[in-house]
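Structural overview
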Amino acid sequence: MLEVIFTLLMLVLLQAVLGFDNLLYISLESKKAPLDDQKRVRKVGILIAIVLRIVLLFILVRVIGYFQEPFSWLTGEIEDVLHFAFNGHSLIVLAGGAFIIYTAIKEIWHMIGKVDLNEEVDGDGKSRKTANAVITSIVIMNLVFSFDSILAAIGLTSEIENPTTAFIVMAIAIVLSGLLMLLLADKISTFLAKNRMYEVLGLFILFIVGIMLVTEGGHLAHLKIFGNEIVPMSKTTFYFVIVVLIITDIVQGRYQKKLIAEQESTILKNKDKKA
């Protein structure tokens, strides 16, 4: 019994740590919905994703070998140039990473003034999507992000002899981490709404998340380019880069304020001299 409780705590912690990038995506994506629907979109998206995560867990427990086994029709090489052996897992991770990179670049592009005239735009220059479209995006990307965490959860519960008990423990961990995500998503979104300058930081972190997923997908596909194997970005490296970005952003912000204050002081001194 103690082993089951300890495993459950470890799973909740694992889901919380691995869910940071997912949480950031949800917070940024929900801002594309109409203002009145944003809170509801986050709640509905996460709740649907929790249910689908449990369904995905149920499926993976039974067909995990299929996702890990390379597809014969997607295995091959171009001599001295390219080698690949794609499986279901690698394709899902690669697609998710590519989509996140596209989303981050698109939003950064919008921020510097290049807005698509075919999209609905609100007063502050942000493009809007329908609530259902945002919910769909959140649910799909939640499943992409959850793929690795579910596989890690299966590994952690491998020592539990009873398969039913192991499944229940994993399902409880998914529900608890989902509820935690539900609570934190609103807080992060509120913080970003009050501190708009951090949106750029969030988008660049999201861009790095996409790169991390693409490198992981390439590694899972045993991808080699000109004989060089694709090495996945570790979570340690990912969090280190995030810390560096945050520190850089804080220092840059304070330095910018200092420069503005010095410029204002110089203007006032010049005015006093002229007077």
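The rules we used
Residues numbered from 1 in each chain as written. Predicted model: local features only at pLDDT ≥ 70, side-chain atom pairs only at ≥ 80, totals over all residues. Heavy atoms only, no water. Helix = DSSP H or I, 4+ residues; strand = E, 2+ residues; numbered from the N terminus. Areas by Shrake-Rupley, 256 points an atom, 1.4 Å probe, with all protein chains shown as cover. Buried < 20%, exposed > 50% of the residue type's maximum accessible area, 1.4 Å probe, protein only. Contact = heavy atoms within 4.5 Å. Phe/Tyr/Trp six-rings, centres within 6.5 Å; stacked < 30°, edge-to-face > 60°. Axes fitted to C-alpha atoms, helices over the stretch in contact; angles between N-to-C directions. Parallel < 35°, antiparallel > 145°, perpendicular 65-115°, else oblique. Left-handed = near helix turned anticlockwise from the far one by under 90°. Nonpolar A, V, L, I, M, F, W, Y, C, P; charged D, E, K, R; others polar. Core = buried A, V, L, I, M, F, W, Y, C linked by side-chain atoms within 4.5 Å. Pairing = 2+ DSSP bridges. pLDDT = per-residue confidence, 0-100.

Scanning the chain for helices and strands turns up eight helices and six strands. For the chain, the N- to C-terminal ordering of α and β elements is α-α-α-β-β-α-β-β-α-α-α-β-β-α. Working note: accessible area of the chain is about 15,800 Å², and carbon and sulfur atoms make up 68% of it.

Another aspect to go through is helix 2 (residues 20–30). Of all 11 residues making up helix 2, 10 are buried, and the element is well covered by its neighbours. Burial in helix 2 covers these residues: Asp21, Asn22, Leu23, Leu24, Tyr25, Ile26, Ser27, Leu28, Glu29 and Ser30.

With that settled, consider the side chain of serine 27. Here serine 27 shows up in helix 2. Once you skip the residues sitting within four places of it in the chain, serine 27 turns out to touch Ala185, Ile188, Ser189 and Leu192.

Within the structure shown, the criterion is met by four aromatic pairs. Taken together, a centroid distance of 6.0 Å and an interplanar angle of 80° make the contact between phenylalanine 58 and phenylalanine 167 edge-to-face. Pair noted here: phenylalanine 58 is in helix 3 (residues 38–68) and phenylalanine 167 is in helix 6 (residues 163–194), with a separation of 109 residues, a long-range link. Using a relative accessible area of 22% as the deciding quantity, one classes phenylalanine 167 as partly exposed.

Here we come to the packing of helix 2 against helix 6. In the contact formed by helix 2 and helix 6, the axes pass within 9 Å of each other and the chain directions differ by 55°. Accordingly, the angle class assigned to the pair helix 2 and helix 6 is oblique. Helix 6 is crossed by helix 2, and the crossing has right-handed handedness. Here Asn22, Leu23, Ile26, Ser27, Leu28 and Ser30 of helix 2 come into contact with helix 6, specifically with Met181, Leu184, Ala185, Ile188, Ser189 and Leu192. Tallied by class, residues from the contact of helix 2 with helix 6 come to eight nonpolar, four polar and no charged.

Looking now at the nonpolar core. Judged by nonpolar contacts, the single largest core of 28 residues is most densely connected at Leu11, Ile26, Val41, Ile46, Leu60, Phe147 and Met170. Looking at this core, the elements with two or more residues in it are helix 2, helix 3, helix 5 (131–156) and helix 6. Residue contributions to this core peak at nine residues, all from helix 5. In this structure, Phe145, Leu192, Ile208 and Val209 belong to the second largest nonpolar core, which totals 22 residues.

Before going further, it helps to spend a moment on unusual backbone geometry. Comment: phi is negative for the bulk of residues other than glycine, and the bulk of peptide bonds are trans. Even without being glycine, histidine 222 reaches a positive phi, approximately 55°. Assignment of secondary structure puts histidine 222 in the loop between helix 7 (198–220) and strand 5 (224–225). Classification of histidine 222 as partly exposed rests on a relative accessible area of 42%. For phenylalanine 226, which is not glycine, the phi dihedral falls at a positive 55°.

All right, on to the packing of helix 2 against helix 7 then. Contact pair helix 2 / helix 7: the axes reach a minimum separation of 10 Å and the direction vectors enclose 130°. Of the possible angle classes, the one that applies to helix 2 and helix 7 is oblique. Along this stretch, helix 2 crosses helix 7, giving a crossing that reads as left-handed. Taking contact as the criterion, the partners of Asp21, Leu24, Tyr25 and Leu28 in helix 2 are, on helix 7, Gly202, Leu203, Ile205, Leu206, Val209 and Met212.

A word on the sheet that holds strand 2 (residues 82–85). Read from one edge of the open sheet, four strands run 1-2-5-6, paired in antiparallel fashion. The two strands at the open ends of the sheet, each matched to only one other strand, are strand 1 (75–78) and strand 6 (228–229).

For the chain, the mean per-residue pLDDT works out to 78, and 85% of the residues sit at or above 70. Confidence, read as mean pLDDT per element, is least for strand 3 (residues 120–121) in the chain (47) and greatest for strand 5 (90). Throughout residues 114–121 the model reports pLDDT below 50, and contacts reaching past four residues in sequence, or to other chains, amount to 14 contacts.

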